[in-house]
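Topology and contacts: notes
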Amino acid sequence: MAKRGSLWVLNGPNLNLLGEREPGIYGGDSLADIEKLCAEAAETAGFDLTFRQTNHEGEMVAWIQDARTEASGVAINAGAYTHTSVAVHDALRLLDIPIVEVHLSNIFAREEFRHKSYVSAAATGVVCGFGTHSYILAITALAARMDL
Ligand code: DQA
């Protein structure tokens, strides 16, 4: 079957340590486990998947810029940059494709400084609080959006 396009899942700082990092908050799955589940979900929905992680804000901005011409939809867990990065916000605003903000944890049930997101205002929608399943929900939402 011909693919419907390419979904990009972009991950920010410290998410490379999922599985080891505060498992009581983020769960026991590694980022590689999450990538595998995302690949299955994208395949089922008929999309190619690009899955990346960076600990560098500039690299994240560059990838978002690349997504302008190479992606059909973006799911982004910007990690701590969610709460700090106007640069990530501005880059996302350049995109003319669906964007889903993803978080493993429910950022609104956590510390006050996590309640502010620079990603939300540039996103089509937000999924948070469902652990690894947040990513699957994001991919499903992107695929559904493409059907509209
Ligand atoms: C996170 C929530 C952020 O507040 C935090 O900085 C992260 C992970 C999440 O997936 O729950 O790194 O984005």
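The following paragraphs examine the structure supplied in this document. (Residues numbered from 1 in each chain as written. Predicted model: local features only at pLDDT ≥ 70, side-chain atom pairs only at ≥ 80, totals over all residues. Heavy atoms only, no water.)

Observations regarding helix 3 (residues 57–70)
Basically, it comes down to this: To qualify as a helix, a DSSP run of H or I must reach at least 4 residues; to qualify as a strand, a run of E must reach at least 2; elements of each kind are numbered from the N terminus. In this scheme, a helix's expected span is set at 1.5 Å multiplied by one less than its residue total. Two residues form a contact once any of their heavy atoms are found within 4.5 Å.
Between its first and last C-alpha atoms helix 3 spans 20 Å; for 14 residues at 1.5 Å apiece the expected length is 20 Å, and the two agree. The elements touched by buried residues of helix 3 are strand 1 (6–11), strand 2 (48–53), strand 3 (73–77) and helix 4 (86–92).

Concerning helix 5 (residues 133–146)
Quick reminder of the rule: A simple rule labels every residue: compare its accessible area, found with a 1.4 Å probe on the protein chains alone, to the largest value its type can have, and call it buried under 20%, exposed over 50%, or partly exposed in between.
In this model, helix 5 (14 residues) spans 20 Å end to end at C-alpha, consistent with the 20 Å of a helix rising 1.5 Å per residue. Along helix 5, the residues classified as buried are Ser134, Tyr135, Ile136, Ala138, Ile139, Leu142 and Ala143. Where helix 5 is buried, its residues touch strand 1, helix 2 (31–45), strand 2, strand 3, strand 4 (99–103) and strand 5 (125–128).

A few points about the layout of surface pockets
Using the following cut-off: Put simply, the grid is 1 Å and covers the protein atoms alone, a cavity is a trapped set of points that fit a 1.4 Å probe, a pocket is an open set with protein on both sides within 12 Å along at least five of seven lines, and lining residues have an atom within 4 Å of a point. Grid points are joined across faces, edges and corners, and a volume is the space filled by probe spheres set on the points. Basically, the charged four are Asp, Glu, Lys and Arg, the nonpolar ten are Ala, Val, Leu, Ile, Met, Phe, Trp, Tyr, Cys and Pro, and anything else, Gly included, counts as polar.
Of the voids in this model, the largest pocket is the one considered here, and its volume is about 160 Å³. What lines the largest pocket is a set of 15 residues, and nearest its centre among them are Arg21, Tyr26, Gly79, Ala80 and Arg114. Looking at the lining of the largest pocket residue by residue, the class counts come to 6 nonpolar, 6 polar and 3 charged.

Considering the site of the ligand
Threshold: Nearness here has a simple test: a residue counts as near a molecule or strand if at least one of its heavy atoms is within 4 Å of that partner. Each polar contact in these results corresponds to two N or O atoms within 3.5 Å; when the atoms are within protein, one needs to be able to donate a hydrogen and the other to accept it, and residues that are neighboring in sequence are counted only if both atoms are side-chain atoms. Note on areas: Shrake-Rupley with a 1.4 Å probe; residue coverage comes only from the protein chains shown. If over half the atoms of a molecule are within 2 Å of the grid points of a cavity or pocket, the molecule is regarded as sitting in it.
In the vicinity of the ligand, the residues found are Arg21, Tyr26, Asn77, Gly79, Ala80, His83, His103, Leu104, Ser105, Ile107, Arg110 and Arg114. Within the side chain of Ser105, one N or O atom sits 2.6 Å away from an oxygen atom of the ligand. In the environment of the ligand, an oxygen atom lies 2.8 Å from a nitrogen or oxygen atom belonging to the side chain of Arg114. With the chains in place, 99% of the 320 Å² that the ligand exposes on its own is no longer accessible. Of the pockets mapped on this structure, the ligand occupies the largest pocket. In terms of residue class, the shell around the ligand is built from 4 nonpolar, 5 polar and 3 charged.

Functional significance is not addressed by these values, which are geometric in nature.
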